[in-house]
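So you can see what is in the structure, the chains are spelled out below.
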Amino acid sequence: MADIDNKDQTEMDPADMEDVEDVEEEETGEDENSKAARQLTVQMMQNPQILAALQERLDGLNGSPSGYMESLPKVVKRRVNALKNLQVKCAHIEAKFYEEVHELERKYAALYQPLFDKRSEIVTSAYEPTDEECEWKADEEAELTVSKQDEMKEKAKLEEEKKDEEKEDPKGIPEFWLTVFKNVDLLSDMLQEHDEPILKHLQDIKVKFSDPGQPMSFTLEFHFEPNEFFTNTVLTKTYKMRSEPDETDPFSFDGPEIMSCTGCTIDWTKGKNVTLKTIKKKQKHKGRGTVRTVTKTIPNDSFFNFFTPPEVPENGELDEDSEAVLAADFEIGHFIRERIVPRAVLYFTGEAIEDDDDDYDEEGEEADDEEGEEEADEENDPDYDPKKDAAPPAECRQQ
């Protein structure tokens, strides 16, 4: 029996052999097709035109009713409409909630203001704080001995006295607001080198809310000491807000939104307007061939363009560039109001910046992980050619 079994295992009918070969070829063919399909998908997803078309398709689907809703019986759709009407009423109640929040902001702004005024007095040297007010408790985590603390205090005192001897006694806190601006990416991106001498004269930034019963708005006031650049003592930027659902799209309501903003006129001293620059161009006469030099004044990048935002037409329609400028402007206005003014000293020292960075650590790590995975996938791809991803020579990049 053993011999018969072995024979059955080693000898097969030719027809059976053909069947086995056919099956193996089919299986191999499926693997090759899968591989080819995968490679084709990868190539397609690397094509910017295909990606743009897919994104456009997805954008078109965004907000469109699902197939499930379409499949619901008419009587159920009717009840869903009732729920949507309830949701609209919720949006209107939420709008009232934010109006009351605005009233609370106005109330507490009055309580904060004496502290902010005291801050301004210290910054501008109008008030010298007492030793008690200047005492700052060290972190308890350090757990240093009393003798060690005394030693460090004495050392710090000597270093401060040495520094004071080396330079003139500064008044207040020099360049307080300029340092704040430099420490915040959102604001430092707006700063130009020619703006810095002007911002050294910035003494305070205040937030003023609209009066009770008036439409929601807030005004940023930039207080300057007398300077050689302009005659204004205060530059203002007012943001008008709305807290009510849009009748055409009530479900998009997500709290108060800035509708428009208005700046102010800066009375520049002659030759000191940093928002404009003068250029000279040579022009050649077509007929006579003579050359003349023409002087032109054109806009110049400057933080002080912040006070001349694009005007919103009555119909509310803006071109893409103006929309982008206003969107950035609204973000900056909110940030100054909600973060910079209340926590200025922490942005001056950099502590608030560290807190802001901590909010993004996890996202940054995830992004790094994703990049690592993509690199690993490329390296594991047998058809991956690193030379194709290499940067082109400098000559090519300049063309």
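Criteria and thresholds
- Residues numbered from 1 in each chain as written.
- Predicted model: local features only at pLDDT ≥ 70, side-chain atom pairs only at ≥ 80, totals over all residues.
- Heavy atoms only, no water.
- Helix = DSSP H or I, 4+ residues; strand = E, 2+ residues; numbered from the N terminus.
- Buried < 20%, exposed > 50% of the residue type's maximum accessible area, 1.4 Å probe, protein only.
- Contact = heavy atoms within 4.5 Å.
- Areas by Shrake-Rupley, 256 points an atom, 1.4 Å probe, with all protein chains shown as cover.
- Expected span 1.5 Å × (residues − 1).
- Pairing = 2+ DSSP bridges.
- pLDDT = per-residue confidence, 0-100.
- Core = buried A, V, L, I, M, F, W, Y, C linked by side-chain atoms within 4.5 Å.
- Polar contact = N/O pair within 3.5 Å; in protein donor to acceptor, adjacent residues only side chain to side chain.
- Phe/Tyr/Trp six-rings, centres within 6.5 Å; stacked < 30°, edge-to-face > 60°.
- Lys NZ or Arg CZ within 6 Å of the ring centre and 35° of its normal.
- Axes fitted to C-alpha atoms, helices over the stretch in contact; angles between N-to-C directions.
- Lys, Arg positive; Asp, Glu negative; His and termini not counted.
- Salt bridge = Lys/Arg side-chain N within 4 Å of Asp/Glu carboxyl O.

Next up on the list: the overall build of the chain. Across its full length, the chain carries 16 helices and 6 strands. Per-residue burial for the chain yields a buried fraction of 21% across its 399 residues. Long-range contacts, defined as pairs at least 24 residues apart, comprise 57% of the intrachain contacts of the chain with a sequence gap of at least 6. Taken as a whole, the chain presents about 30,500 Å² of accessible surface, with 49% of it coming from carbon and sulfur.

A rise of 1.5 Å per residue sets the reference length of helix H11 (residues 320-340), with its 21 residues, at 30 Å; its end C-alpha atoms lie 28 Å apart and thus fit the reference within 8%. Residues Ser322, Leu326, Asp329, Phe330, Ile332, Gly333, Phe335, Ile336, Arg337 and Ile340 constitute the buried set of H11.

Our next topic: the pairing of strand S3 (residues 234-242). As paired strands, strand S2 (residues 217-224) and S3 are joined by 7 bridges and run antiparallel to one another. Directly across from serine 217, in S3, lies its bridge partner lysine 240. The pairing of S3 with strand S4 (residues 257-262) spans 5 bridges and is classified as antiparallel. Residue methionine 241 lies in a different strand from S4, and its bridge partner there is isoleucine 258.

What follows concerns the confidence of the model for the chain. The predicted model of the chain averages 76 in pLDDT, with 64% of residues at 70 or higher. For residues 14-29, every residue scores under 50 in pLDDT, and the model assigns this stretch 1 contact once sequence neighbours within four places are set aside. Counting interchain partners and residues more than four positions distant, the pLDDT-below-50 stretch residues 386-399 has 4 contacts.

Grouped together as the largest cluster of nonpolar side chains are 48 residues, with contacts concentrated most on Phe222, Phe303, Phe304, Phe306 and Ile336. With 6 residues, the top contributor of residues to this core is H11.

It is worth spelling out the side chain of serine 120 at this point. Topologically, serine 120 is positioned in helix H5 (residues 74-123). Here serine 120 is in contact with Gln203 and Asp204, once residues within four sequence places are set aside.

Even without being glycine, serine 125 reaches a positive phi, approximately 70°. Note that serine 125 resides in the loop between H5 and helix H6 (131-134). Residue serine 125 is classed as partly exposed on the basis of its relative accessible area of 35%. A positive phi angle, close to 55°, is found at glutamate 175, a residue other than glycine. Here glutamate 175 is to be found in the loop between helix H7 (146-166) and helix H8 (176-183). Classification of glutamate 175 as partly exposed rests on a relative accessible area of 35%.

Moving on, we come to the environment of glutamate 105. Mapped onto the elements, glutamate 105 comes out in helix H5. The sequence separation of glutamate 105 and phenylalanine 209 amounts to 104 residues, and the corresponding C-alpha distance is 8.3 Å. The residues touching glutamate 105, leaving out its near neighbours within four places in the chain, are Phe209 and Arg337. Among the polar contacts made by the side chain of glutamate 105, one reaches the side chain of arginine 337 at a distance of 2.6 Å.

Attention now moves to the packing of aromatic side chains. Enumeration according to the criterion identifies 21 aromatic pairs in this entry. Here phenylalanine 218 and tyrosine 239 contribute two aromatic rings whose centre-to-centre distance is 5.1 Å and whose plane-to-plane angle is 20°, an arrangement assigned as stacked. Taken together, the residues phenylalanine 218 in strand S2 and tyrosine 239 in strand S3 connect sequence positions 21 residues apart. Comparing phenylalanine 218 with tyrosine 239, the two get one shared label, buried. In textbook terms, an aromatic cluster arises when at least three aromatic residues are bridged by ring pairs, as seen for Phe181, Phe222, Phe224, Phe230, Trp268, Phe303, Phe304, Phe306 and Phe307. For lysine 118, the ring lying beneath its charged end belongs to tyrosine 127, and the centroid distance is 4.7 Å.

The subject of this paragraph is the sheet that holds S2. Neighbouring strands of a sheet are bound in pairs by backbone hydrogen bonds; such pairs are parallel or else antiparallel. Taken in spatial order, the 4 strands line up as S1-S2-S3-S4 in an open sheet, and their pairing is antiparallel. Two strands bound the open sheet, and with one partner strand each, they are strand S1 (202-209) and S4. Strand after strand, the sheet turns through a mean of 20° between neighbouring axes, direction not considered. In the packing of H5 onto the sheet, contacts are made with S1 and S2, and the angle to S1 comes to roughly 165°. In the packing of H8 onto the sheet, the strands contacted are S1 and S2, and the crossing angle to S1 comes to about 75°.

In this section: the side chain of aspartate 204. Here aspartate 204 lies in strand S1. This buried residue, aspartate 204, is left without a salt bridge; arginine 119 holds the nearest opposite charge, at 4.3 Å. When near neighbours in sequence (up to four residues on either side) are disregarded, aspartate 204 contacts Arg119, Ser120, Trp177, Glu221, Phe222 and His223.

For strand S5 (residues 276-284) and strand S6 (residues 291-299), the ladder comprises 9 bridges, and the chain directions are antiparallel. From the neighbouring strand, lysine 277 faces S6, where its bridge partner is isoleucine 298. Between S5 and S6, which pair antiparallel one after the other, the connecting turn spans 6 residues, and glycine 289 there sits at a positive phi close to 80°.

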